[in-house]
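# Overview (structure and organization)
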Amino acid sequence: EVDYFVGNSGAKLVLCDTAAEAALAPVCAAHGAALMTLDGDGTGSFAGAAQGLPETFDTVDRSADDLAAFLYTSGTTSRPKGVLVTHANYVFLGEAISKNMRLGPEDRHLVTLPLFHANAQYYSTMGTLAVGATLTIVERFSASRFWGQVRDSKATVVNLPSPFFLCRRFSASAKPIVTVVLPSPAGVGLIAVTNINLLFLALAGLLSTSLTFIFAL
């Protein structure tokens, strides 16, 4: 699958963590793409190559219609298709989502979804950047660690696609905090909460489920 993406996109550089380097090396070699590593702790060959380089650079002029990214479809009906996303697409979604979510610079957005997907890129990242808020990114979603991450990051907003069932004890004496979010294609969500105040917003429909935004107040 990765072989198809690298070849179809014409990628010149592939970034991966060190653990995936050996598996990706023959793929990149077959398509003439350079392969560099960048781990979650900031180490890797890519970080090493950046050491000693100037911290400032000349801004490159771009227009709203210039290509910003390839996002591949899921390939439900055929091979995944590379969707060309422009700078204007990203800016528009950031502004629209931040307004609908009532975000401000004081907010702290916890991102648990994968950044290769449009959800995390548009609704979490761009919405947060549009208002100058704080973005906290974790490696992956974990039901057992979720509420601890919310507490530790002081998150005010989290974006999750329903359905999710989350349960977490903050301490041995605390009651479990349980949030149940059910699919809501009609835009009407169900939520059960104890020990915490939440504002629940279902802003958009996505296939059989909704995009669910949970604000911790």
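Use the structure listed above.
Procedures and definitions
- Residues numbered from 1 in each chain as written.
- Predicted model: local features only at pLDDT ≥ 70, side-chain atom pairs only at ≥ 80, totals over all residues.
- Heavy atoms only, no water.
- Helix = DSSP H or I, 4+ residues; strand = E, 2+ residues; numbered from the N terminus.
- Buried < 20%, exposed > 50% of the residue type's maximum accessible area, 1.4 Å probe, protein only.
- Contact = heavy atoms within 4.5 Å.
- Areas by Shrake-Rupley, 256 points an atom, 1.4 Å probe, with all protein chains shown as cover.
- Expected span 1.5 Å × (residues − 1).
- Bend = angle between axes of the 7 residues up to and from the residue.
- Salt bridge = Lys/Arg side-chain N within 4 Å of Asp/Glu carboxyl O.
- Polar contact = N/O pair within 3.5 Å; in protein donor to acceptor, adjacent residues only side chain to side chain.

## Focus on the overall build of the protein
Along the backbone of the protein there are 6 helices and 11 strands. The burial tally for the protein puts 32% of its 217 residues in the buried class. In the protein, the share of contacts with a sequence separation of at least 24, taken over all contacts with a separation of at least 6, comes to 42%. Only carbon and sulfur atoms are counted for the fraction: they give 59% of the accessible area of the protein, which is about 13000 Å².

## Some points on helix α5 (residues 118–131)
Its 14 residues place the ends of α5 19 Å apart at the C-alpha level, agreeing with the 20 Å of an ideal helix rising 1.5 Å per residue. Along α5, the largest kink reaches about 30° and is centred on T125. Counting buried residues along α5, 10 of its 14 residues qualify, which places the element largely inside the surrounding structure. Among all positions of α5, only N119, A120, Q121, Y122, Y123, S124, T125, M126, G127 and T128 are buried.

## Quick word on the pattern of salt bridges
The tally for this structure, following the rule as stated, stands at 2 salt bridges. Between E139 and R140 there is a salt bridge, with its nearest N and O atoms 3.5 Å apart. Classification of E139 by relative accessible area gives exposed; the value is 71%. Here D152 and R151 are joined by a salt bridge, their closest N and O atoms 3.1 Å apart. By relative accessible area, D152 is classed as exposed at 57%. In this structure R151 comes out as partly exposed when scored by relative accessible area, which is 41%.

## Things to note about the side chain of D107
Counting through the fold element by element, D107 comes out in the loop between α4 (87–100) and β5 (108–111). From its side chain, D107 meets the backbone nitrogen of G104 in a polar contact 2.8 Å long.

## Quick notes on the side chain of T128
Looking at the element boundaries, T128 is found in helix α5. When residues no more than four places from it in sequence are discounted, the contact partners of T128 are L103, H109, A133, T134 and L135.

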